[in-house]
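# Examination of the molecular architecture
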Amino acid sequence: MRVFVTGGAGFIGSHTLVQLLRQNAEVTAFDNYSNSSPVALARVKRLAQSDLSSVEGDICNRAALETAMRAAKPDAVIHFAGLKAVGESSEKPLSYYKNNIAGSIALLETMDAVGCRNIVFSSSATVYDPAKAAPFTEEDPLGAVNPYGRTKQFIEEIIRDWAAANSDASAAILRYFNPVGAHVSGDIGEDPVGIPNNLMPFIARVAAGSLPRLQVFGGDYPTSDGTGARDYIHVEDLASAHLAALKYAATVKGCDVFNIGTGRSTTVLEMLHAFEQACGKAIAYRITERRAGDVASSVADVSKAKRILGWQAKYDVADMCQSSWNWQSRNPKGYDNGQ
Ligand code: NAD
Ligand code: UD1
């Protein structure tokens, strides 16, 4: 199978590429490296002991996309490329709408032009209306509360309309919960620019000594210990969900949407203590004010992915912390370490 992967050099893309190559897929990674490094692709090739084509380009550049896709002749597209920082999306909404929405439209137009009708799209749990109590099922009402989340919600609708207008089209929309962890080798992982916003990379930096302490945002939520609860999913499980979705998209027409999580809830303090076990050190923290826009709890109902895709997560929080610490301690400067 030939697969065209936008955003393939990123955190989730790189892990998915390794699994695709190990399944003998012919892969083209298309990325503008705005939030990633070509070093990730070099490491992917080494890990998979297999080659891939990489094209540096922007999904908003229709001509560049078409040239790359005509050369790749893909059977399917996995669409990871996009901007993803929630805070930044409120400061620069137009960049987010342009990059994510205009880029996705250009991608679908190019797929039409080259006759590729299968897509797997990276959506997010952030599309759900936070007024609804977790766990979320795919039928729950949507109501993203920031520009980033709205780009995902709108792209979902665009893909749904595109699939409805093309009887031979197949689209799988995956709503990721909280992706964390790294490849077991410690060679690829999450490499956020600057001070991380998300919990797991922040904890990893505190453990490594490059940040002084974790601020726990809120200790008075209605959860088991008062701190926010999330459904963390190992990036390797998330990668395998894409392979399952590709298989599905190859056989079923139309558009469907799947939650991708574990269905299990972990609080901030539970995650912190699991990370302490993994790294063998105490991690300093202080409970502070709630972060604006946070919900108490976000957990997936994962029964649909199991029933229809035949996929379910294998890894637990201990695996997530162990692999994340392995990546962090082997690559204190992320991909700046080079090949
Ligand atoms: P990432 O930033 O590591 O990867 C995204 C990749 O897309 C990067 O390599 C970046 O350089 C590339 N890119 C961005 N804009 C581009 C453009 N215009 N043209 C070409 N390439 C472009 O992010 P990730 O964590 O791997 O996320 C992948 C996808 O999953 C994103 O769409 C993200 O919104 C979505 N998602 C991520 C999370 C998460 O927590 N990581 C959760 C839910 C959904
Ligand atoms: C965030 C995004 C969401 C995105 C998801 C991807 C926000 C508001 N939401 O979700 O759109 O899909 O990442 O993974 O940014 N926490 C701390 N201290 C920290 C960092 C986080 O206590 O320094 C807490 C948070 O309050 C939350 C939990 O850790 O309870 C997880 O936070 P985070 O990793 O940022 O993910 P989300 O907020 O769930």
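Going by the structure above, here's the rest.
This one's a predicted model, so the numbers in the text were calculated from it and none came from an experiment. (Residues numbered from 1 in each chain as written. Chains lettered and ligands numbered in written order. Predicted model: local features only at pLDDT ≥ 70, side-chain atom pairs only at ≥ 80, totals over all residues. Heavy atoms only, no water.)

### Remarks on the side chain of Asp 256
The residue Asp 256 is located in strand β11 (residues 254-260) in this model. Polar contacts involving the side chain of Asp 256 include one to the side chain of Lys 304, which spans 2.5 Å. Filtering out sequence-adjacent residues up to four positions away, Asp 256 remains in contact with Ala 171, Ala 172, Ile 173, Tyr 248, Lys 304 and Ile 308. (Helix = DSSP H or I, 4+ residues; strand = E, 2+ residues; numbered from the N terminus. Polar contact = N/O pair within 3.5 Å; in protein donor to acceptor, adjacent residues only side chain to side chain. Contact = heavy atoms within 4.5 Å.)

### Thoughts on the sheet that holds strand β4 (residues 76-79)
An order of β3-β2-β1-β4-β5-β6-β11 is seen for the seven strands of this open sheet, with the pairing classed as parallel. Taken across any chain shown, the strands that pair with only one partner, and hence form the sheet edges, are β3 (53-56) and β11. Taking the axes of each pair of neighbouring strands and ignoring which way they run, one obtains an average angle of 20° across the sheet. In the sheet, strand β1 (residues 2-6) pairs with β4 via four bridges, with the strands oriented parallel. Note that in β4 the partner of Val 5 across the bridge is Ile 78. The strands that helix α3 (residues 62-72) touches are β1, β2 (26-31), β3 and β4; relative to β1, the one it contacts most, it runs at about 155°. This element, helix α6 (residues 147-165), spans β5 (118-124), β6 (170-176) and β11 of the sheet and lies at about 155° to β5. (Pairing = 2+ DSSP bridges. Axes fitted to C-alpha atoms, helices over the stretch in contact; angles between N-to-C directions.)

### Structural notes on the sheet that holds strand β14 (residues 297-298)
Pairing in this open sheet of three strands is mixed, and the strands run β12-β9-β14 from one edge to the other. In the strand order of this sheet, the two ends are held by β12 (266-267) and β14, each with one partner. Note: strand β9 (residues 229-230) against β12, two bridges, orientation antiparallel. Bridging across to β12, Ala 229 finds its partner in Thr 267.

### Describing the nonpolar core
Counting 45 residues, the largest nonpolar core has Leu 17, Leu 20, Ile 260 and Leu 309 as its most contacted members. Per-element tally for this core: the top contributor is helix α8 (residues 235-251), with eight residues. Beyond its immediate sequence surroundings of up to four residues, Leu 17 is in contact with Val 5, Gly 8, Val 27, Ala 29, Leu 41, Val 44 and Leu 52. (Core = buried A, V, L, I, M, F, W, Y, C linked by side-chain atoms within 4.5 Å. Buried < 20%, exposed > 50% of the residue type's maximum accessible area, 1.4 Å probe, protein only.)

### Some details on the site of ligand 2
Around ligand 2, the structure places 19 residues, and the nearest of them are Leu 199, Gln 215, Arg 230, Arg 291 and Asp 294. Contact between ligand 2 and Asn 178: an oxygen atom at 2.9 Å from a side-chain N or O atom of the residue. Within the side chain of Arg 291, a nitrogen or oxygen atom sits 2.7 Å from an oxygen atom of ligand 2. Protein burial of ligand 2: of its 720 Å² of free accessible surface, 86% is covered by the chains. Elements supplying a minimum of two residues to the shell around ligand 2: β7 (178-180) and β8 (214-217). Sort the elements by how many residues they give to the shell around ligand 2 and β8 lands first, with four residues. (Near = heavy atom within 4 Å. Areas by Shrake-Rupley, 256 points an atom, 1.4 Å probe, with all protein chains shown as cover.)

### Concerning the packing of helix α1 (residues 11-22) against helix α2 (residues 38-48)
Contact geometry for α1 and α2: axes closest at 9 Å, N-to-C directions at 30°. Considering how the two elements wind past one another, α1 and α2 form a crossing that is right-handed. Along the contact surface, α1 presents Ser 14, Leu 17, Val 18, Leu 21 and Arg 22, while α2 presents Leu 41, Val 44, Leu 47 and Ala 48. Among the residues forming the contact of α1 with α2, the class breakdown is seven nonpolar, one polar and one charged. (Left-handed = near helix turned anticlockwise from the far one by under 90°. Nonpolar A, V, L, I, M, F, W, Y, C, P; charged D, E, K, R; others polar.)

### Here we look at the pattern of salt bridges
Under the criterion given, the structure shown has 16 salt bridges. Ionic pairing is found between Arg 117 and Asp 112, a salt bridge with its closest N-O pair at 2.3 Å. Where Arg 291 meets Asp 294, a salt bridge forms, and the shortest distance between an N and an O atom there is 3.1 Å. Within this structure, Arg 62, Glu 66, Arg 70 and Glu 109 form a network of salt bridges that share partners. (Salt bridge = Lys/Arg side-chain N within 4 Å of Asp/Glu carboxyl O.)

### A closer look at unusual backbone geometry
A cis amide bond links Ala 134 with the next residue in sequence, Pro 135, at an omega value of 0°. Locating Pro 135 in the fold gives a position in the loop between β5 and α6. The phi torsion at Lys 73 lies on the positive side, around 45°, for a residue other than glycine. Relative to the helices and strands, Lys 73 resides in the loop between α3 and β4.

### Description of the pairing of β1
Across the five residues of β1, four count as buried, placing the element largely inside the fold. As paired elements, β1 and β2 share five bridges and run parallel to each other. Counted as the bridge partner of Val 5 is Ala 29 from β2. With respect to chirality, the unit in which β1 leads through α1 into the neighbouring parallel β2 is right-handed. (Right-handed = clockwise from strand over helix to strand, strands pointing away.)

### Let's talk about the layout of surface pockets
Empty space within the second largest pocket amounts to approximately 260 Å³. Lining the second largest pocket are Met 1, Val 3, Leu 20, Gln 23, Ala 25, Ser 240, Leu 243, Ala 244, Leu 246, Lys 247 and Trp 311. By residue number, the principal contributor to the lining of the second largest pocket is α8, which donates five residues. The class makeup of the residues in the lining of the second largest pocket is eight nonpolar, two polar and one charged. (1 Å grid on protein atoms, 1.4 Å probe; cavity = no way out; pocket = protein on both sides within 12 Å on 5 of 7 lines; lining within 4 Å. Points joined across faces, edges and corners; volume = space filled by probe spheres on them.)

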